[in-house]
Amino acid sequence: MARKRKRKSRRRLEGRKILELVPHHYIESGEDKPVTAARKHIRANGITPPALLVVKRNEHTTDRYFWAEKGLFGAQYVEENHFLFPSLRSIKPQVKNTTTNPALSLSN
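All values reported here derive from a predicted model rather than from experimental measurement. (Residues numbered from 1 in each chain as written. Predicted model: local features only at pLDDT ≥ 70, side-chain atom pairs only at ≥ 80, totals over all residues. Heavy atoms only, no water.)

A. Molecular detail of the pairing of strand 4 (residues 71–74). Bridge count for strand 3 (residues 62–68) against strand 4 is 4 bridges, and the pairing is antiparallel. Its bridge partner being in strand 4, Tyr65 is matched across the sheet by Gly74. Hairpin connection of strand 3 to strand 4: 2 residues between the antiparallel strands. (Pairing = 2+ DSSP bridges. Helix = DSSP H or I, 4+ residues; strand = E, 2+ residues; numbered from the N terminus.)

Okay, here's the thing in structure tokens:
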């Protein structure tokens, strides 16, 4: 029996596209908890917000954090509530033009 797919939130998809445009930093947590490793990496490298930190916990698991002016947040929360972050308001994802004929586009 086929399973019904979960509906994808447009707001979260838009947030995911915005976060793709933010600088990414990939680190490993080592002996620290992932959030502690992310905070240490931010402090050691002087990372300025906005930034996305991808922390590898083990070979199968990664945690994603968003570094904003107000602190460190889980990336999933930021995807769903990207409009609450002033640094992300200015970032707009590229919208692809669906028309194939340039004469039909409205940007004349």
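And the narrative resumes.
B. Seen up close, the sheet that holds strand 2 (residues 51–56). The 4 strands are arranged 1-2-3-4 in an open sheet whose pairing can be described as mixed. Among the strands making up the open sheet, the edge pair consists of strand 1 (24–28) and strand 4. If you compare each strand with its neighbour and ignore which way they point, the axes differ by 30° on average. Lying on the sheet, helix 1 (residues 10–20) is in contact with strand 1, strand 2 and strand 3; it crosses strand 3 at an angle near 80°. (Axes fitted to C-alpha atoms, helices over the stretch in contact; angles between N-to-C directions. Contact = heavy atoms within 4.5 Å.)

C. Just helix 2 (residues 34–45), in detail. Spanning 12 residues, helix 2 covers 16 Å between terminal C-alpha atoms, matching the ideal 16 Å at 1.5 Å per step. Here helix 2 has its buried residues at Pro34, Ala37, Ala38 and Ile42. The buried residues of helix 2 all sit within an arc of 135° when viewed along its axis, so they share a single face. Every exposed residue of helix 2 that faces more than 90 degrees away from the buried side is listed here: Arg43 and Ala44. Where helix 2 is buried, its residues meet strand 1, strand 2, strand 3 and strand 4. (Expected span 1.5 Å × (residues − 1). Buried < 20%, exposed > 50% of the residue type's maximum accessible area, 1.4 Å probe, protein only. Arc of directions from axis to C-beta.)

D. Region of the structure containing helix 1. Looking at helix 1, one finds that the buried residues are Gly15, Ile18 and Leu19. In a view along the axis of helix 1, the buried residues occupy a sector of 95°, so they form one face of it. Across helix 1 from its buried face, at more than 90 degrees, point the exposed residues Arg10 and Glu20. Contacts from the buried residues of helix 1 go to strand 1, strand 2, strand 3, helix 3 (75–80) and helix 4 (86–89). Near the N-terminus of helix 1, the side chain that reaches the backbone nitrogen of Arg11, with its oxygen 3.4 Å away, is that of Ser9. (Polar contact = N/O pair within 3.5 Å; in protein donor to acceptor, adjacent residues only side chain to side chain.)

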